[in-house]
Amino acid sequence: MTSTPVPAVQESLLELFQAVKDKLESLRAALPQGAGVDGVVVEEEVASEVLAQAEPLGMAVYFVSTETNGPEGEAGLPEFAPDGDKIFASVLKAGTREFVGAVALPASTPWQRGPAREVRQIWSLASLSEAGGEPLAKTLPKDATLWAAALMRKRRK
């Protein structure tokens, strides 16, 4: 028995995107078309259960590990991401345990309030070694305002 509850992936996403849709409609904006979620990041102890739910939806599942030694035979993760954010954990793919990258704590986190304080950046192994590299993704808490803002930024790109 795990101490971390296993989230109901489809129900959670439907609830989140209904709230995002309501938020955008209140701003007289339409929900952008396309995939809003590329994958989910969960705790290792629930990764296999979440993977079973997410695979039929076409979503990848990753988990965070405090192991920062890097893939077998390779050097450990750097202490900082290219943008100066502090790396504190690695990201592995659920099911295969493939080493994907690192999780960084944005430098602005101590000054953030509310759900924005929970945003983390995911860096791929390749982007960690590039000067001026960009994060692969951001993790967002289940907050309609943050998701609406992120989807609108993605639409503009």
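This report concerns the structure included in the present document. Keep in mind that what you see is a predicted model, and the values were worked out from it rather than measured.

What counts, and at which threshold
Residues numbered from 1 in each chain as written. Predicted model: local features only at pLDDT ≥ 70, side-chain atom pairs only at ≥ 80, totals over all residues. Heavy atoms only, no water. Patch = residues over 30% accessible without salt bridge, like charges linked within 9 Å, V, L, I, M, F, W, Y side chains within 5 Å. Areas by Shrake-Rupley, 256 points an atom, 1.4 Å probe, with all protein chains shown as cover. Salt bridge = Lys/Arg side-chain N within 4 Å of Asp/Glu carboxyl O. Helix = DSSP H or I, 4+ residues; strand = E, 2+ residues; numbered from the N terminus. Buried < 20%, exposed > 50% of the residue type's maximum accessible area, 1.4 Å probe, protein only. Pairing = 2+ DSSP bridges. Phe/Tyr/Trp six-rings, centres within 6.5 Å; stacked < 30°, edge-to-face > 60°. Lys NZ or Arg CZ within 6 Å of the ring centre and 35° of its normal. Arc of directions from axis to C-beta. Axes fitted to C-alpha atoms, helices over the stretch in contact; angles between N-to-C directions. Contact = heavy atoms within 4.5 Å. Polar contact = N/O pair within 3.5 Å; in protein donor to acceptor, adjacent residues only side chain to side chain. Core = buried A, V, L, I, M, F, W, Y, C linked by side-chain atoms within 4.5 Å.

1. Structural notes on a nonpolar patch on the surface
A grouping of Val 41, Val 64, Phe 88 and Leu 105 is seen on the molecular surface, where their side chains present a nonpolar patch of about 270 Å² in accessible area. In this fold, Val 64 is placed in strand β2 (residues 60-65). Overall, Val 64 belongs to the partly exposed group, its relative accessible area being 31%.

2. Digging into the pattern of salt bridges
Enumeration over the complete set of coordinates arrives at 3 salt bridges. For the salt bridge of Lys 142 with Glu 15, the shortest nitrogen-to-oxygen distance reads 2.9 Å. Remark: Glu 15 occurs in helix α1 (residues 9-26) and Lys 142 occurs in the loop between β6 (137-139) and α4 (144-156); sequence separation between them is 127 residues.

3. With respect to the pairing of strand β3 (residues 86-93)
Where β2 meets β3, 4 bridges bridge the pair, whose relative direction is antiparallel. The residue of β3 that forms the bridge with Val 64 is Val 91. Bridge count between β3 and strand β4 (residues 99-105): 6 bridges; the pairing is antiparallel. Residue pairing across strands places Ser 90 opposite Ala 102, the latter belonging to β4. With antiparallel pairing between neighbouring strands as the criterion, β3 and β4 make up a hairpin whose turn holds 5 residues, including Gly 95 at a positive phi of roughly 95°.

4. Examining the packing of aromatic side chains
As enumerated under the stated definition, the model contains 1 aromatic pair in all. Between Lys 86 and the ring centre of Phe 80, over which it is positioned, the NZ or CZ distance is 5.5 Å.

5. Considering the pairing of β4
Among the 7 residues that make up β4, 6 are buried, leaving the element largely enclosed by the rest of the structure. Here β4 runs beside strand β5 (residues 120-124); their pairing, made up of 4 bridges, is antiparallel. Across the sheet, residue Ala 102 finds its bridge partner in β5, namely Trp 123.

6. Some words on helix α2 (residues 47-54)
Every buried residue of α2 is listed here: Ala 47, Val 50, Leu 51 and Ala 54. Each buried residue of α2 sits inside an arc of 105° when the element is viewed along its axis, so together they form one side. Exposed residues pointing more than 90 degrees away from the buried face of α2 are listed as Ser 48 and Ala 52.

7. Some words on the sheet that holds β2
If you trace the 6 strands from one edge of the open sheet to the other, you get β1-β2-β3-β4-β5-β6, paired in mixed fashion. Strands at the two margins of the open sheet, each flanked by one partner only, are β1 (39-43) and β6. Strand after strand, the sheet turns through a mean of 35° between neighbouring axes, direction not considered. The sheet strands contacting α2 are β1 and β2, and the helix crosses β2 at an angle near 165°.

8. Quick word on the side chain of Ser 127
Here Ser 127 shows up in helix α3 (residues 125-128). Among the polar contacts made by the side chain of Ser 127, one reaches the main-chain carbonyl oxygen of Ser 124 at a distance of 3.0 Å.

9. Regarding unusual backbone geometry
In this structure, Arg 28 is a non-glycine residue whose phi angle is positive, near 60°. Looking at the element boundaries, Arg 28 is found in the loop between α1 and β1. Located in the positive-phi region is Arg 97, a residue other than glycine, with phi close to 60°.

10. A few points about the nonpolar core
Soluble, globular proteins show a tendency: their nonpolar side chains are buried together. Ranked by internal contacts, the top residues of the largest apolar core, which has 32 residues, are Phe 17, Val 20, Val 37, Val 50, Val 61, Ile 87 and Leu 128. Elements with a contribution of two residues or more to this core: α1, β1, α2, β2, β3, β4 and α4. It is α1 that provides the largest number of residues to this core, a total of 6 residues.

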